[in-house]
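Structure assessment
If you want the building blocks of each chain, they are given just below.
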Amino acid sequence: MSLKKINNQDLLTMLIEEAKKNGASTADVIYTRNTGINLNYRNNNDETIERYDNVDIGLRVFVGKKNAIISTNDTSEKKLKEFASKAVEMAKIVPEDNYSLIASKELLLKYPIDYSTDLEVFDKKEPKIDELRKLAQQMEESALNVSKCIKSDGSQASWGLTESQLMTSNGFIASNKKTNNTISIIVIGNKSGKMERDYDFSSKVFFNDLEDPIKLGRNASEDVIKKLGSKKPKTGKFPIIFNPRVARSIATHIASCINGSSISRGTSFLKDSFKKKVFSKYINVVDDPLLKRGLGSRLYDGEGIGVRKTNLVDNGTLKNFLLDISSGIQLNMETNGNAVRGVNSPPRPGTTNLIIMPGQYTQNDLINNINEGFLITELIGSSISLITGDYSRGASGFWIKNGKISHPISEATIAGNLKEMFMQLTPANDLDLSNPIASPSIMLENMVVAGN
């Protein structure tokens, strides 16, 4: 029997029943289908057009305190029954795990899904290839019209639909459908034999929400022209401003430091910082799965727990960790609905729409108050330890002199320690929600810059 002859619920039910028939005490199964189009365009021609339609199934089974997870894309009934039997046999021979388990009926009842909430994460429109090509073409034409020193390194337009369904042997079943539309362009500027590269992009749930492709192309070229003629910075300690595109890396580090798995393993320097002030008073961080049209929005997590907005950092104080069931048990806490899961991996703590909330100042306000400093627009490489907080990255951007942008900077290294950096953060008001991990511009009062 093929997947086409039975609906997903029948398929998931069959897998759980087969697992239990073969000796599983509990089980859960996740089904995903990814459909989409990717169009790559360069120099007024299509480079590649890719259509994809993939189905994957992940089954996690428990035999007492032992568990195993496997995945397949073979949906024939015979193969799926063999698949369920294999998963149980694997679970029987692995070591016990005292912390992994599926969501209990009590926990599912305590945190139910609020189906009355419309997150607006599904767009019925499936763009045609001609529509995607037009966007890519407009971006490239706009970029090349800015200057003769600009060359295209390719523009891209894509549409994707993800459908997923989760079922557990405790009676939970729910499904989700999400769309994503993305356009982007990369350009190269060449002046006196020196080259610079830059890009711009827009990513939205709804096709009609995408930013103007003509503006994106123009922005990418204008930004790369500003970078031509760059110099190495002087070495010393200076104020730093991360623009929104790179400031989101700070949000990513925060998420990693407060991830329940890292905390329970003792591999985060914030492991003993619960309810303590570890950020500047201006920093507020939330994880908001209920953000309308948010790229990471959802009604339930990877374990079936109904989600809610979580205040992670409140005026500098660490209020919550990112938790799934397993990390919650290890920390003697309760999951806050932040489990994420792939078809071939167990649940783990993750984020939905993680946001460093904006402050009251514009980026220009921050720049105007700096006598000499560094506006960073690109980060390169990474040497970061979540255990010690040591931080070192390559960077480029623009030098600030007497409250104004002076000249472009490249081949710089910035260094510090996240413990000290977190206490210096000042957010601007230019929050950019183009990513599910988002941040406004952020200023740090003092950081090592190495150049000449």
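See the structure shown above.
Okay, so let's go over this structure. On a predicted model such as this, the values are computed, not experimentally measured, just so you know.

1. A short note on the overall build of the protein chain
Scanning the protein chain from N- to C-terminus turns up 10 helices and 19 strands. Projecting the C-alpha coordinates of the protein chain onto the three principal axes gives extents of approximately 70 × 55 × 40 Å. Per-residue burial over the protein chain gives 51% buried out of 452 residues. When the accessible surface of the protein chain is summed, it comes to about 20600 Å², and 47% of that surface belongs to carbon and sulfur atoms.

2. Things to note about unusual backbone geometry
A positive phi angle, near 55°, is found at Glu 120, a position not held by glycine. Of note, Glu 120 is situated in the loop between α3 (105-110) and α4 (129-144). Residue classification places Glu 120 among the partly exposed positions, given a relative accessible area of 25%. A positive phi is found at Glu 411, a non-glycine position, where the angle reads about 55°. Position of Glu 411 relative to the elements: it lies in strand β16 (residues 404-417).

3. Focus on the sheet that holds strand β18 (residues 437-438)
Across the sheet, 5 strands lie side by side as β10-β9-β8-β13-β18; this open sheet has mixed pairing. Because the sheet does not close on itself, it has two edges, and the strands there are β10 (317-318) and β18. Strand contacts of helix α6 (residues 244-257): β8 (285-287), β13 (354-356) and β18, with the helix running at about 120° to β13, the strand carrying the most contacts.

4. Digging into helix α5 (residues 213-227)
Compared with the 21 Å implied by 1.5 Å per residue over 15 residues, the 22 Å span of α5 between its first and last C-alpha is a close match. The set of residues buried in α5 consists of Pro 213, Leu 216, Gly 217, Ala 220, Ser 221, Val 224 and Lys 227. Taken down its axis, α5 places every buried residue within 125° of arc, on the same side. Just beyond α5, the residue with positive phi is Gly 229, at close to 80°.

5. Points about the pairing of strand β19 (residues 442-450)
Where strand β7 (residues 236-242) meets β19, 6 bridges bridge the pair, whose relative direction is antiparallel. For Lys 237, the partnering residue across the bridge sits in β19 and is Val 448. Looking at chain direction, β16 and β19 are connected through 3 bridges and run antiparallel. Along β19, the bridge assignment pairs Ala 415 with Val 448.

The rules behind these values
Residues numbered from 1 in each chain as written. Predicted model: local features only at pLDDT ≥ 70, side-chain atom pairs only at ≥ 80, totals over all residues. Heavy atoms only, no water. Helix = DSSP H or I, 4+ residues; strand = E, 2+ residues; numbered from the N terminus. Buried < 20%, exposed > 50% of the residue type's maximum accessible area, 1.4 Å probe, protein only. Areas by Shrake-Rupley, 256 points an atom, 1.4 Å probe, with all protein chains shown as cover. Pairing = 2+ DSSP bridges. Contact = heavy atoms within 4.5 Å. Axes fitted to C-alpha atoms, helices over the stretch in contact; angles between N-to-C directions. Expected span 1.5 Å × (residues − 1). Arc of directions from axis to C-beta.

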